[in-house]
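Residues per chain, in single letters:
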Amino acid sequence: MDKIPTRMYGEEPLQMPASMCLLYLNPENKLMPFAIQTRTYTIKPKSSLGNLLLLQLEKDPFLFLPENQWFCSKIVVTAPEGELLFPCYRWISRGELVELRGGRAKKSFEDVHPMLIKHREKDIMMRKNLYKWEITDEKIPHHLHYKHVSELPAEVQFSMTREDEIEYTKKMAGIELKFKGMVGSTEQWEKIEDMNDIFCFQKTTISEYVAEHWKDDDFFGYQFLNGTNPTVIKKCSKLPSNFPVTDEMVEPFLAAGCSLKKEIKKGNIFICDNKIMDKIPTRMYGEEPLQMPASMCLFYLNPENKLMPIAIQLNQQPSEQNPIFLPSDSEPDWLLAKIFVRSAHALEFESVDHLLGTHFMAEIFTVAALRNFHPVHPLYKLLIPHFEYTLHINTLSRIILFGPEGILNTSTLGYEGTKELVRRGFAQITYSSLCLPDNIAARGLESIPNYYYRDDGLKLWNIINSYVKKMMEHFYPSDADVSKDAELQGWIQEVFTHGFLGNKHSGIPSDFTNVKDLVKFLTMVIFTVTAQHAALNNGQFDYLAWVLNGALLLRKPPPTTKGQSSLETILETAPNIGETVKFATLILILSEKYSDMVLLGAYPDERFDGPEPKQIIQEFQAELSCLSEAIQTRNAELEIPYTYLNPTQIENSITI
């Protein structure tokens, strides 16, 4: 078709593109378009278009060809007054009429033309019918009403590339594990070293480090600062009354001449208390219910600045059947106690901090935004890139992860226990806990050394805050503009009502009256769906591929006496081979990098029109680039590099 002659249509020649399409044979042996050449079309009107208010797009079927959707990125109108951008960035089906507004961001009270006011109201009403809240549990946030990803509107679905790559990763992992006879195996591991054979080709530098050092006390402590869940450890200013650790117990593990009381006063004692697990329901395993202890672990920051575990109690109430385990106990006793602590930590991490704290929070912000902001609203343009694919992955997660048949149903807690854990976690979430500077301060971790999650996270928080502040001061010159923005007020009201169930004690605002409060909230939103999710999600394969470093299932109850455990006890407690590889496949998929990944600060869709927002975005990108260089320089000196908050590793939204 290259340069082939075409006929005239009116006074203009028609065009026939010489297109190119790359096809991919997917794991289902379907030939799928993988990369399609894009085209730019130029249309020259015969007369002046005048003052453009709206553009209408409609896709007609072409001759006898079957229906296929077209993706329109944008329309740029060039007039004597300059260029006017009409962003689209959506798929268009046959017979669908799409109306677009110019790219200049406008709040609802800034519209004066009756046609634009009516169009805005009509569009928001349509969106409220398209995106509806659903209540499945009175004690957790409401969510989008669609049950299956196939029902989702095209604008929030995965790209075909993303779907195929996820399926490919899953299939290739399955082929390897089936070949090894591991899938569905109910056999117990014969040796701990055999767990290293699960994946031969997907190992990372850190996953291999974990497999080698998972028993080490200093590495155990390090993970509470920089592992998959660095958000639960706290400074211990006073020992809990139900954790009766004495000086005699821990003196051998403190520096010479030190006592527990003195070290607490110095700020060198820290605690991880999994009381959220206390008396939580668990699932049946065979004929017996599994047990999930609500453990407590005490840490000591030693003179070498290493965070060392010095005492573990596996249940909340002290008794003879609930001893305090110490590093001086037999190796199997101490190791098994740490395995139970890491298991509780991993379950809380997956259900509360990761799923609820990032995915569910993102869905609250996303659904409320789609229901209340017109696409021309500045906050829609600011936030929508940070919500891409979130509704798709969450809808999928409610089936394959969090549902009755989901993978978490295989965990120690099972489906009902996981739901109860999410309820308990949600009851503890506050606005302050979602804001990193407040969270760090509340846990007393402002000065603990080698806390790279805190160091990188606070820098990212400040960079995002600066970006948001510049944008909001540009679009909201006064506090009065915030107060009278009906779409903004509708958004935060729905976040408060449907997301936080109207709980005033959460500290979540139900309205905004000034720019300062708006800036902080938007900073929290963008940080949560980018940096926080990256910190929690991206290291899962690194740290959890070695199952005993964070088992989601432990088959035997915790030890109740010392001196009774052995290596065989640990193998009997660990998940069997089939259970292990099921969890390992999940974290492999969740940790994979996909080809359509968009990095934090990258905005391939041009939504803002005008020099000021574009300049602010460029400054944001420059600051992220500087931080990335600083992190890489620091990591070059570390035995275990902390990469999860390097902007080059952070996605612009929650997509997996």
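Not measured: the values here are computed from a predicted model. (Residues numbered from 1 in each chain as written. Predicted model: local features only at pLDDT ≥ 70, side-chain atom pairs only at ≥ 80, totals over all residues. Heavy atoms only, no water.)

Looking only at helices and strands, the chain features 20 helices and 17 strands. Relative to the 2.2 N^0.38 estimate, which gives 26 Å for 656 residues, the radius of gyration of the chain is 27 Å and therefore close to what a compact globule would have. For the C-alpha atoms alone, the extent of the chain along its principal axes is close to 95 × 60 × 50 Å. Taken across its 656 residues, the chain has 54% of its residues classed as buried. For the chain, the computed accessible surface area is about 30600 Å², with 54% contributed by carbon and sulfur atoms. For the chain, the distance from the average position of its 66 positive side-chain charges to the average position of its 84 negative side-chain charges is 4 Å. (Helix = DSSP H or I, 4+ residues; strand = E, 2+ residues; numbered from the N terminus. Rg over C-alpha atoms; globule rule 2.2 N^0.38 Å. Buried < 20%, exposed > 50% of the residue type's maximum accessible area, 1.4 Å probe, protein only. Areas by Shrake-Rupley, 256 points an atom, 1.4 Å probe, with all protein chains shown as cover. Lys, Arg positive; Asp, Glu negative; His and termini not counted. Charge placed at Lys NZ, Arg CZ, Asp CG, Glu CD.)

Here the focus is helix H9 (residues 390–400). At 3.6 residues per turn, the α-helix brings residues three or four places apart onto the same side. Judged by how many residues are buried, H9 sits mostly within the fold: eight of 11 residues are covered. Those residues of H9 lying buried are Thr 390, Leu 391, His 392, Ile 393, Asn 394, Thr 395, Ser 397 and Arg 398. The inward-facing, buried residues of H9 contact strand S10 (143–144), helix H2 (160–179) and helix H7 (331–372). (Contact = heavy atoms within 4.5 Å.)

What follows is about the nonpolar core. Residues Met 277, Phe 365, Met 472, Trp 491, Val 495, Phe 521 and Leu 548 are the most contacted members of the largest nonpolar core, which totals 171 residues. In contact with Leu 548, other than residues within four places in its own chain, are Ile 192, Met 195, Trp 214, Ile 339, Ile 570 and Ala 574. In this structure, Val 245, Ile 269, Tyr 300 and Ile 310 belong to the second largest nonpolar core, which totals 17 residues. (Core = buried A, V, L, I, M, F, W, Y, C linked by side-chain atoms within 4.5 Å.)

A word on the sheet that holds strand S12 (residues 269–273). Pairing within the open sheet is antiparallel, and its five strands lie in the order S11-S12-S15-S16-S17. Looking at which strands have only one partner, the edges of the open sheet turn out to be strand S11 (234–235) and strand S17 (324–325). Pairing analysis gives two bridges linking S11 to S12, with the strands arranged antiparallel. In the strand pairing of S12, Lys 235 is matched with Phe 270. Where helix H4 (residues 217–226) meets the sheet, its contacts fall on S12, strand S15 (296–301) and strand S16 (307–313), and the angle it forms with S16 comes to roughly 95°. Against the sheet, H7 touches S12, S15, S16 and S17, its axis set at about 95° to S16. (Pairing = 2+ DSSP bridges. Axes fitted to C-alpha atoms, helices over the stretch in contact; angles between N-to-C directions.)

Under the definition given, this model contains 22 aromatic pairs. Where Phe 158 meets Tyr 389, the ring centres are 5.2 Å apart and the plane angle is 75°; that geometry is what we call edge-to-face. With Phe 158 in the loop between S10 and H2 and Tyr 389 in the loop between helix H8 (378–383) and H9, the pair connects residues that are 231 residues apart, well separated along the chain. A relative accessible area of 7% places Phe 158 in the buried class. Since its relative accessible area comes to 10%, Tyr 389 is described here as buried. Taken together, a centroid distance of 5.3 Å and an interplanar angle of 70° make the contact between Tyr 209 and Phe 219 edge-to-face. Pair noted here: Tyr 209 is in helix H3 (residues 205–213) and Phe 219 is in helix H4, with a separation of 10 residues, a long-range link. Judged by relative accessible area, which is 3%, Phe 219 ranks as buried. Aromatic ring contacts, followed pair by pair, group Tyr 209, Phe 219, Tyr 222, Tyr 543, Tyr 642 and Tyr 644 into a single cluster. (Phe/Tyr/Trp six-rings, centres within 6.5 Å; stacked < 30°, edge-to-face > 60°.)

Next up on the list: the pattern of salt bridges. Across all of its chains, the model carries 29 salt bridges by this definition. One salt bridge in this structure joins Glu 167 and Lys 171, with 3.7 Å as the shortest N-O distance. Taken together, the positions of Glu 167 and Lys 171, both in helix H2 and four residues apart, correspond to about one turn of that helix. Note that Asp 217 and Lys 338 form a salt bridge whose closest N and O atoms lie 2.6 Å from each other. Of this pair, Asp 217 sits in helix H4 while Lys 338 sits in helix H7, and the two are 121 residues apart along the sequence. Accessibility assignment for this pair places Asp 217 and Lys 338 in one class, buried. (Salt bridge = Lys/Arg side-chain N within 4 Å of Asp/Glu carboxyl O.)

This part covers the state of the cysteines. Applying the stated rule across the entire model yields zero disulfides. Cys 297 provides the cysteine sulfur closest to Cys 236, a residue in no disulfide bond, and the two sulfurs are 11 Å apart. (Disulfide = S-S within 2.5 Å.)

Glycine aside, residues mostly have negative phi angles, and peptide bonds mostly take the trans form. A positive phi angle, close to 50°, is found at Tyr 89, a residue other than glycine. For Asn 450, which is not glycine, the phi dihedral falls at a positive 60°. With respect to the helices, strands and loops of the structure, Asn 450 is situated in the loop between helix H12 (436–442) and helix H13 (452–475).

Parts of the model with low pLDDT should not have their predicted coordinates read in detail. Overall, the prediction assigns the chain a mean pLDDT of 91, with 93% of residues at 70 or greater. The low-confidence segment residues 20–35 (pLDDT under 50) makes 34 contacts with residues lying over four places distant or belonging to another chain. (pLDDT = per-residue confidence, 0-100.)

On the surface, a cluster of nonpolar side chains totalling about 290 Å² of accessible area is made up of Tyr 168, Met 172 and Ile 175. One can find Met 172 in helix H2. (Patch = residues over 30% accessible without salt bridge, like charges linked within 9 Å, V, L, I, M, F, W, Y side chains within 5 Å.)

Turning to the packing of H13 against helix H16 (residues 515–537), a few remarks are in order. Here H13 crosses H16 at 135°, and the two axes come no closer than 8 Å. Put simply, H13 runs oblique to H16. The interaxial crossing formed by H13 with H16 has right-handed handedness. Contacts between H13 and H16 involve Tyr 453, Gly 457, Leu 460, Trp 461, Ile 464, Asn 465, Val 468, Lys 469 and Met 472 from the former and Val 515, Leu 518, Val 519, Leu 522, Thr 523, Met 524, Ile 526, Phe 527, Thr 530, Ala 531, Gln 532 and Ala 535 from the latter. (Parallel < 35°, antiparallel > 145°, perpendicular 65-115°, else oblique. Left-handed = near helix turned anticlockwise from the far one by under 90°.)

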